[in-house]
Amino acid sequence: MSQATKRKHVVKEVLEDSVTLSEQQQIVQVLGSPGNNLHEVETDEGQKFLVSMPTKFRKNIWIKRGDFLIVDPIKEGEKVKAEIACILYKDHICYLKKVGLWPEKFAADPTVNHTSDKNSCDEATSLPDPENSEDEVSQIDSEDDSDLFVNTNRASYTYIASEEDSSEEEEHGPQHGPK
């Protein structure tokens, strides 16, 4: 299997809509990454430990601080106590909240901005009404830009065009001062 085909299958598996949680698995939040495909995590009880990233995720999926994971425990581990089973995204978190499997500590955590708003879960998982016209559906889709990637390495500019400035230029032409 080529590297591109492998990456396609791994990404498809990660982005699947179905998330299941077995009795041994637990939901944790990423605190940081010390390196070597290890991540420091915290459980809902406040226990902190290291988890390892499986080989199939390496160089294909990235995890950042604040993300949520489902982990499988490793019995023989002293420092590394679990292995990542699933990376939770916004839709997965909303589903777990609806099912009632989401830990209360993470639901009440003020540092989690994209998952604490229950209305955003309802809007993200609700499908548009089939009776709506195409214009209404496209309007609904264009209003919610919360899941778009924002490049923080670029300066953001806001352009505001006023009607007064443009009408004065049209009447009098561009004004140049002395040089």
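An account of the accompanying structure is given in this report.

Analysis parameters
Residues numbered from 1 in each chain as written. Predicted model: local features only at pLDDT ≥ 70, side-chain atom pairs only at ≥ 80, totals over all residues. Heavy atoms only, no water. Helix = DSSP H or I, 4+ residues; strand = E, 2+ residues; numbered from the N terminus. Buried < 20%, exposed > 50% of the residue type's maximum accessible area, 1.4 Å probe, protein only. Contact = heavy atoms within 4.5 Å. Phe/Tyr/Trp six-rings, centres within 6.5 Å; stacked < 30°, edge-to-face > 60°. Pairing = 2+ DSSP bridges. Axes fitted to C-alpha atoms, helices over the stretch in contact; angles between N-to-C directions. Salt bridge = Lys/Arg side-chain N within 4 Å of Asp/Glu carboxyl O. Patch = residues over 30% accessible without salt bridge, like charges linked within 9 Å, V, L, I, M, F, W, Y side chains within 5 Å. Areas by Shrake-Rupley, 256 points an atom, 1.4 Å probe, with all protein chains shown as cover.

## What about the overall build of the protein chain?
- Helix and strand counts for the protein chain stand at six helices and five strands.
- In the protein chain, the order of α-helices and β-strands from amino to carboxyl end is α-β-β-β-β-β-α-α-α-α-α.
- The proportion of buried residues among the 179 residues of the protein chain is 25%.
- A separation of at least 24 residues holds for 56% of the contacts in the protein chain among residues at least 6 apart in sequence.

## Things to note about the packing of aromatic side chains
- One pass over the full model with this rule turns up three aromatic pairs.
- Relative to Trp102, the ring of Phe68 lies with its centre 5.0 Å away and its plane at 70°, an arrangement referred to as edge-to-face. You can see Phe68 sitting in strand β4 (residues 68–73) and its partner Trp102 sitting in the loop between α2 (90–99) and α3 (104–107), a full 34 residues away along the chain.
- Overall, Phe68 belongs to the buried group, its relative accessible area being 1%.
- Taken together, a centroid distance of 6.0 Å and an interplanar angle of 55° make the contact between Trp102 and Phe106 tilted.
- A relative accessible area of 6% places Trp102 in the buried class.
- Residue Phe106 is classed as buried on the basis of its relative accessible area of 1%.
- In this structure an aromatic cluster arises from ring pairing among Phe68, Trp102 and Phe106.

## Thoughts on the sheet that holds strand β3 (residues 48–52)
- Ordered in space as β1-β2-β3-β5-β4, the five strands form a closed barrel in which the pairing is mixed. Between one strand axis and the next, the sheet turns through 55° on average, direction left out of account.
- Bridge count for strand β1 (residues 26–35) against strand β2 (residues 38–42) is four bridges, and the pairing is antiparallel. Its bridge partner lying in β2, Val30 is registered against Val41.

## Describing the pattern of salt bridges
- Here the structure, examined in full by the defined rule, presents two salt bridges.
- Between Glu42 and Lys105 there is a salt bridge; the shortest N-O distance is 3.8 Å. Of this pair, Glu42 sits in strand β2 while Lys105 sits in helix α3, and the two are 63 residues apart along the sequence.
- Given a relative accessible area of 14%, Glu42 falls into the buried group.
- In this structure, Lys64 engages Asp67 in a salt bridge whose closest nitrogen and oxygen atoms are separated by 3.6 Å.

## Overview of α2
- Every buried residue belonging to α2 is among His92, Ile93, Cys94 and Leu96, and all of these are buried.
- Positive backbone phi, approximately 95°, marks Gly100, located one or two places after α2.

## Examining unusual backbone geometry
- If you check the backbone angles, Asn36 has positive phi at about 55° while not being a glycine.
- Relative to the helices and strands, Asn36 resides in the loop between β1 and β2.
- For Lys59, which is not glycine, the phi torsion reads 65° and is therefore positive.

## Side note on a nonpolar patch on the surface
- On the surface, Tyr95, Val99 and Leu101 cluster together to form a nonpolar patch covering roughly 260 Å² of accessible area.
- The residue Val99 is located in helix α2 in this model.
- Taking the relative accessible area as the measure of exposure, Val99 reaches 44% and is therefore partly exposed.

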